[in-house]
Amino acid sequence: MATLKSRAGAAKLGAPLMALSFLMVAGFVYWLSVTAEPTEVVVEAPDAVLENVVSFDAFSAGPAGYLGEMVSLEDVFVEALLGYHSFWTNLTDANGTAYLLHLSDSLVADSLVSVSTGMVVTVTGAVTAMNDSILDAWDGAGAFRVEVDRTLAEFAENFIEVTLIEMPEPSEPGEADESGSDEGNGG
């Protein structure tokens, strides 16, 4: 007959070996946390390259002359918003003609880009002739808040499809201008 050997001693080592393995893993993790150097994540911001910088006065003299060209305009004042993706500025011609700028799909998708009335921005984009298919595409993308926005956009003969926009730096707390002082409040 076959003799059976007892494995009672091996079964008694299970709990101590399990505890030892947990202690070894905990010790290894502690050692890693002490000796490892922190990893720096460097996010490289693309250098804003302004293409074909045109003075705003020169552009205002004849925007149609720039059709099909990439232009960069500095110090563009946001006069009014048009829907969710566009805004108006006034050219420096004798009539102060309103001019339309439309944010490209990539800028609209960027949650950090938010243009508001009164801002001064620098823009780069292609000067494009307005047509019904462009208006239909904007309408399909939900660019207009109300139907009158589309009607207003129809008046633009051409516009800039903005692909790069430089926003003003947000002011730090304490850098406020003097308009918020307590001079008139008895203080």
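Just so you know, these numbers come straight off a predicted model, no measurement behind them. (Residues numbered from 1 in each chain as written. Predicted model: local features only at pLDDT ≥ 70, side-chain atom pairs only at ≥ 80, totals over all residues. Heavy atoms only, no water.)

**Side note on the pattern of salt bridges**
When the charged atoms of two side chains lie near each other, side chains of opposite charge can form a pair.
1) Next: Following the criterion strictly, the structure yields 3 salt bridges and no others.
2) Next: R150 is the partner of D139 in a salt bridge, and the nearest nitrogen-oxygen pair spans 3.8 Å. Placement of D139 in helix α5 (residues 132-140) and of R150 in helix α6 (residues 147-154) is noted, with a sequence separation of 11 residues between them.
3) Next: By relative accessible area, which is 37% here, D139 ends up partly exposed.
4) Next: A salt bridge links R150 to E154; its shortest N-O distance comes to 3.5 Å. Taken together, the positions of R150 and E154, both in helix α6 and 4 residues apart, correspond to about one turn of that helix.
5) Next: Here R150 falls in the buried class, since its relative accessible area comes to 12%.
6) Next: Counted as one network, the salt bridges with shared partners bring together D136, D139, R150 and E154. (Salt bridge = Lys/Arg side-chain N within 4 Å of Asp/Glu carboxyl O. Helix = DSSP H or I, 4+ residues; strand = E, 2+ residues; numbered from the N terminus. Buried < 20%, exposed > 50% of the residue type's maximum accessible area, 1.4 Å probe, protein only.)

**So, the pairing of strand β6 (residues 158-166)**
1) Next: Note: strand β4 (residues 98-103) against β6, 4 bridges, orientation parallel. Bridge pairing in β6 places H102 opposite E161.
2) Next: Relative to β6, strand β5 (residues 120-129) runs antiparallel, the two being bridged by 8 bridges. Bridging across to β6, T124 finds its partner in L164. (Pairing = 2+ DSSP bridges.)

**A closer look at the environment of L100**
1) Next: Take L100: it is sitting in strand β4.
2) Next: The spatial distance from the C-alpha of L100 to the C-alpha of A153 is 7.6 Å, given a sequence separation of 53 residues.
3) Next: With near-sequence residues (within four places) excluded, L100 lies in contact with L82, S86, F87, W88, M130, W138, A153, A156, F159 and I160. (Contact = heavy atoms within 4.5 Å.)

**Remarks on the confidence of the model for the chain**
1) Next: Summary statistics for the chain give a mean pLDDT of 82 and a share of 79% for residues scoring 70 or more.
2) Next: β4 holds the highest mean pLDDT among the elements of the chain, 92, whereas helix α1 (residues 8-12) holds the lowest, 66.
3) Next: Here residues 176-187 scores under 50 on pLDDT; set against residues more than four positions off or in separate chains, the count is 1 contact. (pLDDT = per-residue confidence, 0-100.)

**Observations regarding the nonpolar core**
Soluble globular proteins tend to bury their nonpolar side chains together.
1) Next: Within the largest apolar cluster, 23 residues are counted, with the highest numbers of intra-cluster contacts made by F59, F87, V123, I160 and I165.
2) Next: Mapped onto this core, the elements with two or more residues apiece are α3 (56-61), β1 (70-77), β4, β5 and β6.
3) Next: Apart from residues lying up to four places away in sequence, I160 is in contact with F59, V71, L73, Y99, L100, L101, H102, G125, A126 and V127.
4) Next: Core analysis: the second largest hydrophobic core is formed by 12 residues, L82, L100, F144 and A156 among them. (Core = buried A, V, L, I, M, F, W, Y, C linked by side-chain atoms within 4.5 Å.)

**Focus on the sheet that holds β6**
What holds strands together in a sheet is hydrogen bonding between their backbones, with the strands either parallel or antiparallel.
1) Next: As summarised here, the arrangement of the 6 strands in space is β1-β5-β6-β4-β3-β2, forming an open sheet in which the pairing is mixed. Each edge of the open sheet is held by one strand with a lone partner, namely β1 and β2 (80-82). Neighbour to neighbour, the strand axes of the sheet diverge by 40° on average, direction disregarded.
2) Next: One ladder, built from 3 bridges, connects β2 with strand β3 (residues 86-90); its direction is antiparallel. Residue L82 lies in a different strand from β3, and its bridge partner there is S86.
3) Next: Each of β3, β4, β5 and β6 is contacted by α5, which is oriented at about 45° to β6, the strand it contacts most. (Axes fitted to C-alpha atoms, helices over the stretch in contact; angles between N-to-C directions.)

**Things to note about the side chain of T124**
1) Next: Topologically, T124 is positioned in strand β5.
2) Next: Overall, the relative accessible area of 2% leaves T124 in the buried class.
3) Next: Excluding its chain neighbours within four sequence positions, the residues that come into contact with T124 are L50, E51, M70, V71, S72, E161, V162, T163 and L164.

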